[in-house]
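Fold and contact review
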Amino acid sequence: MAGKIAADRIRLKRAYEPPSADDGIRILVDRLWPRGVSKADAKLDQWIKEIAPSTELRKWFGHDPAKWQEFRRRYIAELETHREQLEHLRELATTGVVTLVYSARDETHNDAVVLREVLLG
């Protein structure tokens, strides 16, 4: 397992925001492709859909802030089954900036926030 990762190495960005040079490696971490975003405009380096919340969990949560704490708990439990993808992301972050790209409107209550938290340990 990689060592501690500096917080500034893992960034979050909505898929609808324009890519920038300081994004480093851009990785889409949603199970579904962002509506209305072309692959050319997204400028993604990778798409790791397996690490996203399960369809069941995503539908249950429905981006309801009232369900946030329970969503976090359940998603963290799901991430335990994706150790290989987590390790891959950690390794990338030890060599440079990684931007986790997501499509949710809510920038505070979404899977990328939880994923970043888990990666930073």
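What comes next is a walk through the structure.

How each quantity is defined
Residues numbered from 1 in each chain as written. Predicted model: local features only at pLDDT ≥ 70, side-chain atom pairs only at ≥ 80, totals over all residues. Heavy atoms only, no water. Helix = DSSP H or I, 4+ residues; strand = E, 2+ residues; numbered from the N terminus. Expected span 1.5 Å × (residues − 1). Buried < 20%, exposed > 50% of the residue type's maximum accessible area, 1.4 Å probe, protein only. Contact = heavy atoms within 4.5 Å. Pairing = 2+ DSSP bridges.

**What to know about helix H4 (residues 83-95)**
Its 13 residues give H4 an end-to-end C-alpha distance of 19 Å, which sits within 8% of 18 Å, the value for a rise of 1.5 Å per residue. Residues of H4 that are buried: Gln-85, Leu-86, Glu-87, Leu-89, Arg-90, Leu-92 and Ala-93. Where H4 is buried, its residues meet strand E1 (10-14), strand E2 (25-28), strand E3 (46-47), helix H3 (68-79), strand E4 (98-102) and helix H5 (111-120).

**As for the pairing of E4**
Burial within E4 is extensive, with five of its five residues counted as buried. Where burial is concerned, the two faces of E4 agree: the one with Val-98, Leu-100 and Tyr-102 and the one with Thr-99 and Val-101 are both buried. Pairing between E1 and E4: five bridges, direction parallel. Within E4, the residue paired with Arg-14 across the bridge is Tyr-102. Here E2 pairs with E4 via four bridges, running parallel.

**Some remarks on unusual backbone geometry**
Backbone geometry at Lys-43 places phi at a positive 45°, although glycine is not the residue there. Considering the arrangement of structural elements, one finds Lys-43 in the loop between helix H1 (39-42) and E3. With a phi angle near 55°, His-63 is a residue other than glycine that sits in the positive phi range. As for its position among the elements, His-63 is in the loop between helix H2 (55-61) and H3.

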